[in-house]
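Summary of structural features
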Number of protein chains: 2
Amino acid sequence: MTATRSTRQRDVIAQVLGRAPGPLAVTEIFELAQGDLPGLGIATVYRTLKLLTGQGQIHPVTLDGETLYEASGKGHHHHFSCNHCGRVFTLHTCPVTLPSGTVYPGGFVVEAHEVTLYGQCPDCAGSQPG
Amino acid sequence: MTATRSTRQRDVIAQVLGRAPGPLAVTEIFELAQGDLPGLGIATVYRTLKLLTGQGQIHPVTLDGETLYEASGKGHHHHFSCNHCGRVFTLHTCPVTLPSGTVYPGGFVVEAHEVTLYGQCPDCAGSQPG
DNA sequence: TTATGTGCAAAAGCTTTGCGTTCTA
DNA sequence: TAGAACGCAAAGCTTTTGCACATAA
């Protein structure tokens, strides 16, 4: 079978995602991880992201055409993308109630949902009102 | 200034998007448009999609890591992605009520929202129940 | 006519893969 | 010490750009 080893690279990448306030782009993960582990290669980042995704430890989120990654196991949540600074935040409240099995008009059986809100994050809303 | 001409290529691409039941991938647009206009080049498709997007006639939707395009002006709507056949449909009902200006816990000012539902489309729900 | 738009092919980005070396277990 | 994982560089894709020719106005 396939043995999966624990390496410094994997730990660092998992930690970077674990302490992020929201999903991160591959480039961001790469740069942050290099801060903890100079010499890290981008190929390792891609390989590790794929591995961790396969293991369910993290998962991809596509926003505005970019693929971001975030740690799993943070419960049901959604995202807020700031139209001003571009940062993406994790929201722990959910604006919809759609139990699995809900049947939508037209006969669409809902199993899951994804919501993204766009607007001004607290920082941007405070500094440039109006 | 910049004059924008009407060409057969642009008409065909706009028509393809206009009659689609949901957003399409660049490759799909390319193939469908070639059916109407053999010889069409992929570069023209990309250029036209960018042009139409800039004009607001169409807009990109990113789903499952892929960038799809759909015609604008179809009113407020969302998408349903079938977990079985992979097709994406347009839904004309909205499961959330978030007037622009709604302030979310944490101080996030909501200006817009995007919802994607995942599950079984009518065709797939009917043919393989359980 | 003229300069916008097109197709082709080269270039540019991003992601994956091959391979010799390093390091976990 | 065996083979999983790494870093580097080459290869693959998708998207963009350069250019000469075609075409809308």
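Residues numbered from 1 in each chain as written. Chains lettered and ligands numbered in written order. Predicted model: local features only at pLDDT ≥ 70, side-chain atom pairs only at ≥ 80, totals over all residues. Heavy atoms only, no water.

Let's talk about the protein's contact with DNA strand C
Around DNA strand C, the surrounding shell holds 18 residues, and the nearest of these are Y46(A), R5(B), R10(B), T44(B) and R47(B). For DNA strand C, the backbone makes up 70% of the atoms found within 4 Å of the protein, where backbone means sugar plus phosphate. R5(B) is positioned with one of its side-chain polar atoms (N or O) 2.8 Å from a base oxygen of DNA strand C. At 3.2 Å, a backbone N or O of G41(B) approaches a phosphate oxygen of DNA strand C. Every element with two or more residues in the surface near DNA strand C is listed here: α3 (42-55) of chain A together with α1 (8-18) and α3 (42-55) of chain B. (Near = heavy atom within 4 Å. Polar contact = N/O pair within 3.5 Å; in protein donor to acceptor, adjacent residues only side chain to side chain. Helix = DSSP H or I, 4+ residues; strand = E, 2+ residues; numbered from the N terminus.)

What about the relation of the copies chain A and chain B?
For these two chain copies, the linking operation is a rotation about an axis paired with a shift along it. Once chain A has been moved 0.0 Å along the axis and rotated by 180 degrees, it coincides with chain B to within an RMSD of 0.0 Å. In the structure described here, the two chain copies are related by an operation that fits a two-fold rotation axis. The C-alpha atom lying nearest the rotation axis in chain A is that of V115(A); the distance is 2.3 Å. (Least-squares fit on C-alpha atoms with pLDDT ≥ 70 in both.)

Section: the state of the cysteines
By the definition in use, this model includes 0 disulfides over all chains. C82(A) provides the cysteine sulfur closest to C85(A), a residue in no disulfide bond, and the two sulfurs are 3.7 Å apart. For C85(A), a relative accessible area of 34% gives the class partly exposed. For the unlinked cysteine C124(B), the closest cysteine sulfur is that of C121(B), found at 3.7 Å. Look at C124(B) and you get buried, because its relative accessible area is 5%. (Disulfide = S-S within 2.5 Å. Buried < 20%, exposed > 50% of the residue type's maximum accessible area, 1.4 Å probe, protein only.)

Focus: the pattern of salt bridges
Residues and elements named next belong to chain A. With the rule as written, the count across this model stands at 4 salt bridges over all chains. For D36, the salt bridge identified is with R19, shortest N-O distance 3.2 Å. One end of the pair, D36, is in helix α2 (residues 26-36); the other, R19, is in the loop between α1 (8-18) and β1 (24-25), with 17 residues separating them in the sequence. Look at R19 and you get exposed, because its relative accessible area is 53%. Among the salt bridges present, the one from R87 reaches D123, with a minimum N-O distance of 2.9 Å. Here D123 lies in helix α4 (residues 122-127) and R87 lies in the loop between β4 (78-82) and β5 (88-91), a separation of 36 residues in the sequence. R87 sits in the partly exposed class, given a relative accessible area of 38%. (Salt bridge = Lys/Arg side-chain N within 4 Å of Asp/Glu carboxyl O.)

Some points on α2(A)
All names here are of chain A. All of the buried residues along α2 are V26, I29, F30 and A33. The buried residues of α2 all sit within an arc of 100 degrees when viewed along its axis, so they share a single face. Across α2 from its buried face, at more than 90 degrees, point the exposed residues E31 and G35. (Arc of directions from axis to C-beta.)

A word on the side chain of H113(A)
As for its placement among the helices and strands, H113(A) is situated in strand β7 (residues 108-120). Owing to a relative accessible area of 14%, H113(A) belongs among the buried residues under this scheme. Of note is the side chain of H113(A), whose polar atom sits 3.2 Å from the side chain of H76(A). Separated by 3.3 Å, the side chains of H113(A) and H78(A) make a polar contact. Beyond its immediate chain neighbours, meaning those up to four positions away, H113(A) contacts H76(A), H78(A), C94(A), V96(A), L98(A), T116(B) and L117(B). (Contact = heavy atoms within 4.5 Å.)

Regarding α3(B)
All names here are of chain B. Helix length check: α3, at 14 residues, gives a terminal C-alpha distance of 20 Å against a target of 20 Å (1.5 Å per residue), a fit within 8%. For α3, the full list of buried residues reads V45, T48, L49 and L52. Across the axial projection of α3, the buried residues extend over an arc of 105 degrees, all falling on one side. Away from its buried face by more than 90 degrees, α3 exposes R47, K50 and G54. Looking at the buried residues of α3, the elements they touch are α1, α2 (26-36), β2 (58-63) and β3 (66-71). (Expected span 1.5 Å × (residues − 1).)

Section: the interface of chain A and chain B
Contacts between the two partners involve 32 residues from chain A, matched on the other side by 32 residues from chain B. Ranking the residues of chain A by area buried against chain B places Y104(A), F108(A) and Y118(A) at the top, with a combined share of 23%. Taken together, the connections running from chain A to chain B amount to 15 residue pairs in polar contact (both at pLDDT 80 or more). Within the residue set of the side of chain A that touches chain B, elements represented by two or more residues are β5, β7 and α4 of chain A. Among the elements that take part in the side of chain A that touches chain B, β7(A) stands out by supplying 13 residues, more than any other. The residue makeup of the side of chain A that touches chain B, split by class, is 19 nonpolar, 10 polar and 3 charged. Strand direction decides the pairing type here: β7(A) and strand β7 (residues 108-120) of chain B, joined by 11 bridges, are antiparallel. The residue bridging Y118(A) from the neighbouring strand is A112(B), located in β7(B). (Buried area = accessible area lost by both parts, 1.4 Å probe. Nonpolar A, V, L, I, M, F, W, Y, C, P; charged D, E, K, R; others polar. Pairing = 2+ DSSP bridges.)

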